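Understanding the architecture of this molecule
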Amino acid sequence: MEFFYFVEANALIIMLGCWLAFMIKKEGTLRASNQIFFRMAICTTVVLALEAACSLVNGRPGNSFYIANIILNAVRLILAAYASQTWLLYTLHFLRPKQSLPKKIQRLIFIPFLLVSAFVIASIFTGWVFYINRYTNLYTRGKFAFIHMIATFGYFGNAANYALIKMLRSRCRCPDKMCFTNFLVFVVIPVASGTVNLINPYLNIIWIFLLISLFLLFTRVQFAQIVLDGLTGLNNRNSFDNYLYSISSGKAFSACLFMMDIDFFKDINDSYGHPEGDQALEQTAKILTQIFNNENCMIARYGGDEFAVLMVSGDQLTSVHVNAEALRLALYKAFAEYNSSSGKPYELTVSVGYAFMIGRDEVDAQQLIKASDSDLYREKQRVHSSKCL
């Protein structure tokens, strides 16, 4: 009965893996992260299928089962090492989407897998990593099995360590809760299931939990397409509107809203092309994140070349304590510093307006938007006037 439940659970997880691979393949494999995700889903699914197959032939009498046990376990161990190094590659690609991984680093990551694969193949004849008793046809770990474990869990450990450092440095801000999913998927699940595996090497739950992690990541990516702007990675207009609605639904709030847009953005697109305009939008998002990184706020691409930053305090009697003018000047200074070193044939600047509000409902929230937009208009007029002088 226990064996039946094991096979049934594996079958369900394998079906999940096949579904994930199918869905990501359907979306296209142009992006490197999608290609690695697809390989990860396939490898993990096959490892689980091989584990089920090994359980079926292990201990069964007969030369054919003996040979099958050797081949299946050798392939399983090699694919397990490959899946773990693919997981490290995927972690690097997923957490640094704007940066390509140098070929030299990719080759270094691949070396431990090649060495472990050689050990596993040699084990068919030497029993170093594993061996199958010819008389009982039972799988047994070899005296050098720790090499395979070090390589496999070394990949997972490095991936978890990189993810943890990356998330601590970036410091996800409210209301973006997806960093919790990243922490769960890249740190908690691999470390917890890997620790269980190290304590009991015959309990290979890590591959089941790895597929669950992939499912969570797939769900997170799909959700991100709904709430995040695809170009800048900031919250999108829909996410901003929902957040503003949530804080102004009959609950007292104090808020400061910054509204800003890029000066002469149309000229950048017309003179240098839309790819250059996209780079201007991305750079603006980076500078906004840099300036407001230490503030408890939501940063969003409001639409086109417009951006919004919303800071909220739940106490009606206490206005938001923020030096708005200092932040506006800090933004202008950051753009000036960027222009002095960018080497671009144009200057990237923004106009920034802001307003404070103590309110309770949607009407107050809309008034806050109008007030900050009016201040932006006045600032825009001032900037344009100074440019014309």
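For the structure itself, consult the block above.
Residues numbered from 1 in each chain as written. Predicted model: local features only at pLDDT ≥ 70, side-chain atom pairs only at ≥ 80, totals over all residues. Heavy atoms only, no water.

1. Quick look at the overall build of the protein chain
What the protein chain contains, in helices and strands, is twelve helices and six strands. Counting only contacts in the protein chain whose residues sit at least 6 apart along the sequence, the fraction spanning at least 24 positions is 72%. Surface accessibility of the protein chain: about 20000 Å² in total, with carbon and sulfur atoms responsible for 62%. (Helix = DSSP H or I, 4+ residues; strand = E, 2+ residues; numbered from the N terminus. Contact = heavy atoms within 4.5 Å. Areas by Shrake-Rupley, 256 points an atom, 1.4 Å probe, with all protein chains shown as cover.)

2. Some thoughts on the pairing of strand E6 (residues 350-359)
Taken across its ten residues, E6 has eight buried, putting it largely inside the fold. Bridge count between strand E3 (residues 253-262) and E6: ten bridges; the pairing is antiparallel. In the strand pairing of E6, isoleucine 262 is matched with valine 350. (Buried < 20%, exposed > 50% of the residue type's maximum accessible area, 1.4 Å probe, protein only. Pairing = 2+ DSSP bridges.)

3. Regarding unusual backbone geometry
The backbone of asparagine 137 sits at a positive phi, close to 55°, despite the residue not being glycine. Looking at where asparagine 137 falls in the secondary structure, it is placed in the loop between strand E1 (130-132) and strand E2 (139-141). Notably, phenylalanine 264 is not glycine yet its phi reads approximately 55°, a positive angle. Here phenylalanine 264 is to be found in the loop between E3 and helix H9 (265-272). Phenylalanine 264 sits in the partly exposed class, given a relative accessible area of 31%.

4. Remarks on a nonpolar patch on the surface
Together, Ile105, Leu108, Ile111 and Leu115 line one region of the surface with nonpolar side chains, adding up to about 350 Å² of accessible area. Considering the arrangement of structural elements, one finds leucine 108 in helix H4 (residues 103-126). Here leucine 108 falls in the partly exposed class, since its relative accessible area comes to 48%. (Patch = residues over 30% accessible without salt bridge, like charges linked within 9 Å, V, L, I, M, F, W, Y side chains within 5 Å. Salt bridge = Lys/Arg side-chain N within 4 Å of Asp/Glu carboxyl O.)

5. Topic: the pattern of salt bridges
Applying the stated criterion across every chain, the model contains ten salt bridges. Two residues, lysine 380 and aspartate 263, come together in a salt bridge whose shortest N-O distance is 2.9 Å. Taken as a pair, lysine 380 in helix H12 (residues 362-388) and aspartate 263 in the loop between E3 and H9 lie far apart in primary sequence, 117 residues in all. A relative accessible area of 2% places aspartate 263 in the buried class. Overlapping salt bridges, with partners in common, bring together Glu325, Arg328, Asp375, Arg378 and Glu379 in one network.

6. Here's the deal with helix H8 (residues 237-247)
Of the residues making up H8, those classed as buried are Ser239, Phe240, Tyr243, Leu244 and Ile247. The buried residues of H8 occupy one face: seen down the axis, they fall within an arc of 130°. Capping the start of H8 is the job of one residue whose side-chain oxygen sits 3.3 Å from the backbone nitrogen of asparagine 238: asparagine 236. (Arc of directions from axis to C-beta. Polar contact = N/O pair within 3.5 Å; in protein donor to acceptor, adjacent residues only side chain to side chain.)

7. Describing the packing of helix H3 (residues 63-95) against H4
It is the contact of H3 with H4, at a shortest axis distance of 10 Å, that shows an interaxial angle of 170°. With respect to each other, H3 and H4 are oriented roughly antiparallel. Residues Ile70, Ala74, Leu77, Ile78, Ala81, Tyr82, Gln85, Leu88, Leu89 and Leu92 of H3 touch H4, and the partners they reach there are Gln106, Ile109, Phe110, Phe113, Val116, Ser117, Val120, Ile121 and Ile124. (Axes fitted to C-alpha atoms, helices over the stretch in contact; angles between N-to-C directions. Parallel < 35°, antiparallel > 145°, perpendicular 65-115°, else oblique.)

8. Overview of the packing of helix H10 (residues 274-291) against helix H11 (residues 324-342)
Across the interface, H10 lies against H11 with an axial gap of 10 Å and an inter-helix angle of 135°. If you check the angle between H10 and H11, you find them oblique. Crossing geometry of H10 relative to H11 is assigned as right-handed. Every residue of H11 that contacts H10 at Gln283, Thr284, Ile287, Leu288, Gln290 and Ile291 is listed here: Leu327, Ala330, Leu331, Ala334, Phe335 and Tyr338. Taken together, the residues of the contact of H10 with H11 sort by class into nine nonpolar, three polar and no charged. (Left-handed = near helix turned anticlockwise from the far one by under 90°. Nonpolar A, V, L, I, M, F, W, Y, C, P; charged D, E, K, R; others polar.)

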